[in-house]
Amino acid sequence: MSIKVINEKCGGCKLCIKSCPFGAIEVVNKKAVIDLNKCTLCGACIESCKFDAIVLTKLSPTDIQFPNKFGQYKDVWVLCEQKKGVVQSVAYELLGKGRELADTLGVELCGVLLGEGMKEEAQKVIHRGVNKVYLVDSPALKHYQDEPYSKVLIQLIKEYKPEIVLCGATSIGRSLIARVAISVHAGLTADCTGLDIDKKEKLLLQTRPAFGGNIMATIICPNHRPQMSTVRHKVMKEAVENKHHKGKIIEKSYDSQVYSSRTRLLDVVEEIEETVNLTEANVIVSGGRGMQSPENFKLIEDLAKALGGAVGASRAAVDSGWKTYSHQVGQTGKTVCPKIYIACGISGQIQHLVGMQSSEIIVAINKDPHAPIFSVATYGIIGDLFEILPELTRRFKEVLKR
Amino acid sequence: MNIIVCIKQVPDTTNVRIDPETNTLVRSGVQSIINPFDAYAIEEAVRLKEKFGGLVTIVTMGPPQAEEALREAISLGADEAVLVSDRAFAGSDTWATSYTLSRAIQKIGKFDMIICGKQAIDGDTAQVGPGIAAFLDIPQITFVKKIEEIIIGSTSAPEHHGTSVGYIKAERMTEEGYDIIESPLPCLITVVKEINEPRLPSLKGKMRAKKAEIKKLEAKDLDADPDLLGLKGSPTKVVKIFTPPPRKGGQILEGEVKDISGKLVDLLKGEICL
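Residues numbered from 1 in each chain as written. Chains lettered and ligands numbered in written order. Predicted model: local features only at pLDDT ≥ 70, side-chain atom pairs only at ≥ 80, totals over all residues.

Trainee: Please clarify how the environment of Glu182 of chain B should be interpreted in this entry.
Mentor: Counting through the fold element by element, Glu182 of chain B comes out in strand β11 (residues 177-184). The partly exposed category is assigned to Glu182 of chain B, around which 19 C-beta atoms lie within 10 Å. Along the primary structure Glu182 of chain B and Ala170 of chain B are separated by 12 residues, whereas in three dimensions their C-alpha atoms are 6.5 Å apart. The contacts of Glu182 of chain B, once residues within four sequence positions are left out, are Thr263, Arg264 and Leu266 of chain A together with Tyr167 and Lys169 of chain B. (Helix = DSSP H or I, 4+ residues; strand = E, 2+ residues; numbered from the N terminus. Buried ≥ 20, exposed ≤ 12 C-beta atoms within 10 Å, placed from the backbone. Contact = placed C-beta atoms within 7 Å.)

Right under this line is the structure:
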């Protein structure tokens, strides 16, 4: 692939400069010049050019090996993450999407389950509509550990050759799957928010946000199998449970070498501080600098409790020591997409917005009418949060009978 | 204790504005910085060096201008810096980047630990750290928020010449809390913000950074298969980049506190009951 500017056609209009997400284009002497050190060949400038003056030579036919070479690779796999022996909801979300992909491709949907004593959970996975569950049951797999999990998954992939492998973009998924993708030489796309099939080429189209969600990129993996993605929590819809659905459980076991680990898990510590799990929450109430003191976070906690939600915080609040880092939403904290996000006393710096702007409904409470948070808020309230929050908590308690 | 820190130069999005008309990042005048998570990695490495002795070597793969990031890292207390730069690396995805960096690290030599930031703020993949560990076949601990203990002993066994034998015990952040994990050295860790508070460059450090010699590695210097580098070596290809439709501001609720609260409760209650 290569990119060049046809100088005769270039009008020097600078539209391409604006379109370039990587700051790789300059106009010198009224002609566009592409800095190849910065260019990633994404093609955004090509669409912006009104003179057809930029040419990107796409993948040549020899670059793409046609999918029939991968004929032995079939089926869509979902890695069903479990914690304490319970399959996590992100797995059921992936099975929902996985079913669509498998049907479009005309292949089977399979769950992959690693753990100890997971037979019953395997049955639950079947009830979510899979054709097969590959189950590897061993005391060595009771808790997640990088090496045994990656070695088992590599073995399974090598033996059964799936064409697509999906996994949650969780702390476990993100640690595990990169190791696996390297070893099986697969393409891996992180944090996808959209998955689809190119019906003609039978390729997985993976769409993901970059630069904190300010641009979206669609990524393919033409020459390697499997095609692997991690997918964000709460983006896909859960597969519906059907207790009559039937599927096969294929049990596998491996010798001790595969289960061995150089690292040792010494302890699993749960911080029992309210409901911290932001990434799974349907409702998040977040506080920022406008809360003024750590004590005032009580107002946030009360509302979160009334709504059955989690407590978030802006970087300003975390840096001031009002809340611990595990609550931080935004670029250097967590990316969340709950159904309802209530931002209290948060001005809405871009670093915060990129962590929450894909929430379904955003409510902003701030006394500054010019706060940037209002530009993304579904409902904005300009006013004093110390008056509004207790009133909201009282009314929600009343309505929801909590 | 010899530590290698992998860093990336990224655009400083803290100073970035969004163009309200096009909804894209306004990048003109945007400076490049060391990826914020990598700053924690540098700090942790320098602290370990101060405690145990040894060298901190910074590695980055990127365009020639990434040299600035390396000099900044030296001003923060690192000892040596290596720039891995070649047109042949352009278009690398995380697979090819992990491969290239692992080959560069092999060239640099023996190490006890590799530290990376948990992810870069431009790509957000968090894949390159584990990717390097996989290529080098060393254990990893991701998302480390605290190093509890490092025990180092020395050995005269020839295969360990130049490195220490030892263990690291660290806290790995999870959704619910953290895991405590022990790993033999050498290993790779990726770190989160909570691990430390990076220092500012010292005057002495800045002077040293100015004069420091930056070692350069090109494709031909690495023991690497050219077919596995850059765009050619990358299993994933970007086929389209687009700007998501802008999120529009909605309704402003006005009136007395009572009225506004009532209105909001009415608007949201249906969503919450579900």
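Anyway, onward from the coordinates.
Trainee: Looking at this model, I keep getting lost on the pairing of strand β7 (residues 80-84) of chain B. Mind explaining?
Mentor: Here is the key point about a regular strand: its side chains alternate between the two faces of the sheet. All names here are of chain B. Most of β7 is tucked away: 4 of the 5 residues are buried. Direction of pairing for strand β6 (residues 56-61) relative to β7: parallel, over a ladder of 5 bridges. Paired with Val59 across the bridge in β7 is Val82. One crossover worth recording links β6 to the parallel β7 by way of helix α2 (residues 67-75), and it is right-handed. Pairing between β7 and strand β13 (residues 214-217): 4 bridges, direction parallel. What sits directly across from Val84, in β13, is Leu217. (Pairing = 2+ DSSP bridges. Right-handed = clockwise from strand over helix to strand, strands pointing away.)

Trainee: Is there a simple way to think about the interface of chain B and chain A in this case?
Mentor: It is common to give the size of an interface as the accessible area lost on bringing the parts into contact. Contact with chain B, which involves 78 residues of that partner, is made by 88 residues of chain A. Elements that contribute at least two residues to the side of chain B that touches chain A include exactly α3 (94-108), α4 (128-136), β9 (140-153), β11, β14 (237-242), β15 (251-253) and α6 (257-273) of chain B. Residue composition of the side of chain B that touches chain A, grouped by class: 39 nonpolar, 23 polar and 16 charged. Pairing analysis gives 5 bridges linking strand β14 (residues 215-220) of chain A to β14 of chain B, with the strands arranged antiparallel. Of the residues in β14 of chain B, the one forming a bridge with Ile220 of chain A is Lys237 of chain B. (Nonpolar A, V, L, I, M, F, W, Y, C, P; charged D, E, K, R; others polar.)

Trainee: Can you help me understand unusual backbone geometry in this one?
Mentor: Comment: phi is negative for the bulk of residues other than glycine, and the bulk of peptide bonds are trans. Residue and element names in this part refer to chain A. With an omega of -5°, the peptide bond between Arg225 and Pro226 qualifies as cis. Among the structural elements, Pro226 can be located in the loop between β14 and β15 (227-231). Not every positive phi belongs to a glycine, and Asn29 is a case in point at roughly 50°. Relative to the helices and strands, Asn29 resides in the loop between β2 (25-28) and β3 (31-34). Here Asn29 falls in the exposed class, since 7 other C-beta atoms lie within 10 Å of it.

Trainee: Sorry, what's going on with the sheet that holds strand β13 (residues 203-210) of chain A here?
Mentor: Note on sheets: strands pair through backbone hydrogen bonds, and any given pair is parallel or antiparallel. Sheet architecture is open: 4 strands sit in the order β12(A)-β13(A)-β14(A)-β14(B), paired in antiparallel fashion. Looking at which strands have only one partner, the edges of the open sheet turn out to be β12 (194-198) of chain A together with β14 of chain B. The sheet shows a mean angle of 25° between the axes of neighbouring strands, direction not considered. Bridge count between β12 of chain A and β13 of chain A: 5 bridges; the pairing is antiparallel. Residue pairing for β13 of chain A: Gly194 of chain A is matched across the bridge by Thr207 of chain A. (Axes fitted to C-alpha atoms, helices over the stretch in contact; angles between N-to-C directions.)

Trainee: What is the right way to read the packing of α2 of chain B against helix α5 (residues 203-211) of chain B from this model?
Mentor: The description of two packed helices rests on the angle between their axes and on the distance between the axes. All names here are of chain B. In the contact formed by α2 and α5, the axes pass within 7 Å of each other and the chain directions differ by 140°. Judged by the twist between their axes, the crossing of α2 over α5 is right-handed. Residues Arg71, Glu72, Ile74 and Ser75 of α2 lie in contact with α5, whose contacting residues are Gly205, Lys206, Arg208 and Ala209. For the contact of α2 with α5, the residue count by class is 2 nonpolar, 2 polar and 4 charged. (Left-handed = near helix turned anticlockwise from the far one by under 90°.)

Trainee: What exactly am I supposed to notice about the environment of Val192 of chain B here?
Mentor: Residue and element names in this part refer to chain B. Position of Val192 among the secondary structure elements: in the loop between β12 (187-191) and α5. The buried category is assigned to Val192, around which 22 C-beta atoms lie within 10 Å. If we ignore the near neighbours within four places in the chain, the residues touching Val192 are Lys118, Phe143, Val144, Lys145 and Met173.

Trainee: Is there a simple way to think about the sheet that holds strand β10 (residues 165-173) of chain B in this case?
Mentor: A sheet is described by the order of its strands in space; here 10 strands give the open sequence β17(A)-β11(B)-β10(B)-β9(B)-β12(B)-β8(B)-β1(B)-β6(B)-β7(B)-β13(B), paired in mixed fashion. The outermost strands of the open sheet, each flanked by one partner alone, are β17 (264-270) of chain A together with β13 of chain B. Neighbour to neighbour, the strand axes of the sheet diverge by 25° on average, direction disregarded. Its contacts with the sheet put helix α1 (residues 36-52) of chain B on β1 (3-7), β6, β8 (113-117), β9 and β12 of chain B, and the angle it makes with β1 of chain B is roughly 170°.

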